[in-house]
Amino acid sequence: MLTEVNKRAWSQKILLVRSRKPRDRIIKEKMDVLKEKMDVLNDFQRFFFSMSRFASFPWTFLEKDLQSNKSSQFILDILKQTCLHSLCTKFPPSVKYRRLFISELIRQQEAAGCDPLDELYDALAKVLGAEDTPDCYKSYLLPCGDSVSLLENVALISEGTTGLVTWESALYLAEWALDHQQAFTGRTVLELGSGLGMTGITICRSCSPNRFVFSDCHPSVLQKLRTNVRLNGLFEQETPTVSVELLDWTTATEEELQEIGADTVIAADVAYDPEVVGNLVTLLTKILRCSSPEVLICSSIRNPETYSGFKQQLENAGVSHHVVTGHVSNVFPYSRFSSIEMIKLYR
């Protein structure tokens, strides 16, 4: 039986434990709030540098924080991770985009009745005096803490091509590559229709290929592609060996393809135009005939009829395929409502 002394001792222990529970719960709640704030800051940074649509930003969280705390500290934190970040100094989003972003932060601050933030108005003054250009930088943050920065065109169609912007299927393929790095490690990789280089630069940065060949055929695209490969420091690295090649699908020979010696061939958003699908199928047939690489084609299905026609032409040429399924990590900001499919080709 418990003595009176032991009873008192146990009662004190029980009270101590009970007092710890609310304290532990408070600590946990504070940690949860802090983690949520860090996640929101990360979202603001990802969306800002990739120049995502403003509707995708977590404005509701910011509004609630300003209303509850009546402090501009969180806006300052956002500003430090965006407009005042070193990445913005080196590779800034467009002047118009930064102006609209800062103006929205000011609107949120004023609506909450918070004290004016000098850094916010200094940042606005800087962009108000800057001249907008047809080109801008978009940066995509990698899980390793690095980033891929691309010089892009503001217009979706420019100089007679759609290749001067990054499309969603290229981002999806880059995410798939990050989840399946073994498909590229130590290999020679050929990318068809590289565009601005998002997928290829991501693979070079994160997947350790032995050699990577970027290719395209439009002069303006090739010029921007070389610029982006240089901006991301790939020409200065010893590994992987990187080259940017003119590859015309209508004239490429099996000898040229054998000389490249690709172990893996990738392409994103290359089957959107019925007029070029035939040339693409002919090229893919040559690639599969002269060697046995792993061939992966990723497509945004804007026109189901065009995409079905592409797969039918593959079948007519004796090229089989299967759809690559499975979860892909959500790394880059883009619309998840788009219909994107990746197929693997084989003979």
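Just so you know, these numbers come straight off a predicted model, no measurement behind them. (Residues numbered from 1 in each chain as written. Predicted model: local features only at pLDDT ≥ 70, side-chain atom pairs only at ≥ 80, totals over all residues. Heavy atoms only, no water.)

J.: Residue-level account of a nonpolar patch on the surface, with values.
T.: On the surface, Met 31, Leu 34 and Met 38 cluster together into a nonpolar patch covering about 320 Å² of accessible area. Judged by its relative accessible area of 47%, Leu 34 falls in the partly exposed class. (Patch = residues over 30% accessible without salt bridge, like charges linked within 9 Å, V, L, I, M, F, W, Y side chains within 5 Å. Areas by Shrake-Rupley, 256 points an atom, 1.4 Å probe, with all protein chains shown as cover. Salt bridge = Lys/Arg side-chain N within 4 Å of Asp/Glu carboxyl O. Buried < 20%, exposed > 50% of the residue type's maximum accessible area, 1.4 Å probe, protein only.)

J.: Tell me about the nonpolar core, and please be specific about residues and values.
T.: One finds Trp 176, Phe 184, Met 198, Phe 214, Ile 266, Phe 332 and Met 342 to be the most contacted residues of the largest nonpolar core, which totals 39 residues. Counting residues per element, this core draws most heavily on helix 7 (residues 168-179), which supplies eight residues. In this structure Phe 184 touches Trp 176, Ala 177, Val 189, Ile 203, Cys 207, Ser 208, Pro 209, Thr 264 and Ile 266, once residues within four positions along its chain are discounted. The next biggest cluster of nonpolar side chains, apart from the first, holds 36 residues, and it includes Phe 47, Phe 57, Trp 59 and Ile 78. (Core = buried A, V, L, I, M, F, W, Y, C linked by side-chain atoms within 4.5 Å. Helix = DSSP H or I, 4+ residues; strand = E, 2+ residues; numbered from the N terminus. Contact = heavy atoms within 4.5 Å.)

J.: So what's going on with the environment of Ser 103? Residues and values would help.
T.: Tracing the sequence through the fold places Ser 103 in helix 5 (residues 95-111). Judged by its relative accessible area of 33%, Ser 103 falls in the partly exposed class. As for Ser 103 and Tyr 121, which are separated by 18 residues in sequence, their C-alpha atoms are 9.1 Å apart. Here the side chain of Ser 103 touches Arg 99 through a polar contact of 2.8 Å, landing on its backbone oxygen. (Polar contact = N/O pair within 3.5 Å; in protein donor to acceptor, adjacent residues only side chain to side chain.)

J.: Provide a residue-level description of the pattern of salt bridges, including the pertinent values.
T.: A full pass over the atoms with the stated rule returns 13 salt bridges. In this structure, Lys 37 engages Asp 65 in a salt bridge whose closest nitrogen and oxygen atoms are separated by 3.0 Å. Taken together, the residues Lys 37 in helix 1 (residues 4-49) and Asp 65 in helix 2 (residues 59-69) connect sequence positions 28 residues apart. The salt bridge partner of Asp 135 is Lys 224, with a shortest N-O separation of 3.2 Å. Here the residue Asp 135 occupies a position in strand 1 (residues 135-141), and Lys 224 occupies one in helix 9 (residues 219-231), the gap between them amounting to 89 residues. With a relative accessible area of 27%, Asp 135 lands in the partly exposed category. You can call Lys 224 buried: its relative accessible area is 10%. One continuous salt-bridge network, built from bridges that share partners, spans Arg 187, Glu 294 and Lys 344.

J.: Hey, could you go over the side chain of Gln 45 for me, with residue numbers and the actual values?
T.: One can find Gln 45 in helix 1. Residue classification places Gln 45 among the buried positions, given a relative accessible area of 12%. In this structure Gln 45 touches Gln 81, Thr 82, His 85 and Leu 141, once residues within four positions along its chain are discounted.

J.: I'd like to hear about the pairing of strand 5 (residues 241-246), residue by residue, with values.
T.: Summarising the sheet, strand 4 (residues 211-216) and strand 5 pair through six bridges and their orientation is parallel. Its bridge partner being in strand 5, Phe 212 is matched across the sheet by Val 242. A crossover links strand 4 with its parallel partner strand 5, the connecting element being helix 9, and its sense is right-handed. (Pairing = 2+ DSSP bridges. Right-handed = clockwise from strand over helix to strand, strands pointing away.)

J.: Can you explain the packing of aromatic side chains? Please cite residues and give values.
T.: Tallied over the full model, the rule gives 18 aromatic pairs. Both rings, one in Phe 57 and one in Phe 101, keep their centres 5.6 Å apart while their planes meet at 45°; by these two values the pair is tilted. Linking Phe 57 in the loop between helix 1 and helix 2 with Phe 101 in helix 5, this pair joins segments that are 44 residues apart in sequence. Judged by relative accessible area, which is 4%, Phe 57 ranks as buried. The class of Phe 101 is buried, set by a relative accessible area of 0%. (Phe/Tyr/Trp six-rings, centres within 6.5 Å; stacked < 30°, edge-to-face > 60°.)

J.: With reference to specific residues and values, describe the sheet that holds strand 5.
T.: Overall, mixed pairing links the seven strands, which are arranged 5-4-3-6-7-9-8 in an open sheet. The open sheet has two edge strands, strand 5 and strand 8 (320-323), and neither has a second partner. With direction set aside, neighbouring strand axes in the sheet form an average angle of 20°. Here helix 8 (residues 198-206) sits on the sheet in contact with strand 3 (188-192), strand 4, strand 5 and strand 6 (264-268), set at roughly 175° to strand 4. (Axes fitted to C-alpha atoms, helices over the stretch in contact; angles between N-to-C directions.)

J.: Tell me about the pairing of strand 1, and name the residues and values.
T.: With five of its seven residues buried, strand 1 lies for the most part within the structure. Relative to strand 2 (residues 147-153), strand 1 runs antiparallel, the two sharing seven bridges. For Asp 135, the partnering residue across the bridge sits in strand 2 and is Asn 153. Linking strand 1 back to strand 2 in an antiparallel pair, the connection comprises five residues, with Gly 145 at a positive phi of about 100°.

J.: Could you give an account of the packing of helix 2 against helix 3 (residues 73-81), naming the residues involved and the relevant values?
T.: For any two helices packed against each other, the geometry comes down to the angle between their axes and how far apart the axes lie. Between helix 2 and helix 3, the shortest axis-to-axis distance is 9 Å and the interhelical angle comes to 140°. Relative to helix 3, helix 2 is oriented oblique. Contacts from Phe 61, Leu 62, Asp 65 and Leu 66 in helix 2 reach Phe 74, Ile 75 and Ile 78 in helix 3. Tallied by class, the residues present in the contact of helix 2 with helix 3 amount to six nonpolar, no polar and one charged. (Parallel < 35°, antiparallel > 145°, perpendicular 65-115°, else oblique. Nonpolar A, V, L, I, M, F, W, Y, C, P; charged D, E, K, R; others polar.)

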